[in-house]
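Listed below are the residues making up each chain.
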Amino acid sequence: QVQLVESGGGLVQPGGSLRLSCTVSGSRFSEQSMGWYRQAPGKQREFIARITNGAYTYYDNSVKGRFTISRDNAKNTVYLQMNSLRPVDTAVYYCNLIPNANYWGQGTQVTVSS
């Protein structure tokens, strides 16, 4: 029932910025927390940011101070503004409900390289 569609990824130079979007359908979006996750090549998927239904935010230390999570309830969309990108940020980025739905979207590829 829940559908998650990530977009906005691409190739960016180190130090650059990118804004990811995640549109959600099939749930009461405004009443639930949302999270961003990423999976680098050969690595496990990891949590990086969370936003509650009251817009409280929490970040993993790996992205704190560089990434900003936000939401627009009228558009059923959660965003991830990524600044000061580093090559280590290269990964497929996913969004999901928190607690997680039982499936994931396709993700969006972010590549940070010169």
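Okay, so let's go over this structure. (Residues numbered from 1 in each chain as written. Predicted model: local features only at pLDDT ≥ 70, side-chain atom pairs only at ≥ 80, totals over all residues. Heavy atoms only, no water.)

Some words on the nonpolar core
Then, in step 1: Membership of the largest hydrophobic core comes to 27 residues, with the highest contact counts inside it found for M34, W36, V78, L80, M82 and Y93.
Then, in step 2: In this structure, V78 is in contact with L20, S21, C22, F29, M34, W36, I51, I69, S70, R71 and C95, ignoring residues within four places of it in sequence. (Core = buried A, V, L, I, M, F, W, Y, C linked by side-chain atoms within 4.5 Å. Buried < 20%, exposed > 50% of the residue type's maximum accessible area, 1.4 Å probe, protein only. Contact = heavy atoms within 4.5 Å.)

Digging into unusual backbone geometry
Then, in step 1: Of note, the amide linkage connecting I98 to P99 takes the cis form, showing an omega dihedral of 0 degrees.
Then, in step 2: Looking at where P99 falls in the secondary structure, it is placed in the loop between β9 (91–98) and β10 (108–112).
Then, in step 3: The phi torsion at N76 lies on the positive side, around 50 degrees, for a residue other than glycine.
Then, in step 4: Tracing the chain through its elements places N76 in the loop between β7 (67–72) and β8 (77–82).
Then, in step 5: Of note, the phi angle at S84 is positive, near 50 degrees, even though the residue is not glycine.
Then, in step 6: Looking at the element boundaries, S84 is found in the loop between β8 and β9. (Helix = DSSP H or I, 4+ residues; strand = E, 2+ residues; numbered from the N terminus.)

Here we look at the side chain of T77
Then, in step 1: On the secondary structure map, T77 appears in strand β8.
Then, in step 2: Non-local contacts of T77, meaning those with residues more than four positions away in its chain, are made with S21, C22, T23, F29, S70, R71 and D72.

Overview of the sheet that holds β7
Hydrogen bonds between backbone atoms are what pair the strands of a sheet, whose relative direction is either parallel or antiparallel.
Then, in step 1: In space, the four strands of this open sheet follow the order β1-β3-β8-β7, with antiparallel pairing throughout. On the outer flanks of this sheet lie β1 (3–7) and β7, each paired with one strand and no other. The sheet shows a mean angle of 15 degrees between the axes of neighbouring strands, taken without regard to direction.
Then, in step 2: Strand direction decides the pairing type here: β1 and strand β3 (residues 18–25), joined by five bridges, are antiparallel. (Pairing = 2+ DSSP bridges. Axes fitted to C-alpha atoms, helices over the stretch in contact; angles between N-to-C directions.)

Some points on the pairing of strand β5 (residues 46–51)
Then, in step 1: Where strand β4 (residues 33–39) lies against β5, five bridges are found, and the strand directions are antiparallel. Within β5, the position partnered with R38 by the bridge is E46.
Then, in step 2: Linkage of β4 to β5, two consecutive antiparallel strands, is achieved through a turn of six residues, within which G42 is found at a positive phi near 75 degrees.
Then, in step 3: Counting the residues that bridge the hairpin from β5 to strand β6 (residues 57–59) gives five residues, and of these A55 lies at a positive phi of roughly 75 degrees.

So, the packing of aromatic side chains
Then, in step 1: The full count for this structure, using the stated rule, is four aromatic pairs.
Then, in step 2: Their ring planes at 70 degrees and their centres at 5.9 Å tell us that Y37 and F47 sit as a pair that is edge-to-face. One end of the pair, Y37, is in strand β4; the other, F47, is in strand β5, and 10 residues separate them in sequence.
Then, in step 3: Accessibility expressed as a relative area gives 9% for Y37, which makes it buried.
Then, in step 4: Ring geometry for F47 and Y58: centres 6.2 Å apart, planes at 20 degrees, overall stacked. (Phe/Tyr/Trp six-rings, centres within 6.5 Å; stacked < 30°, edge-to-face > 60°.)

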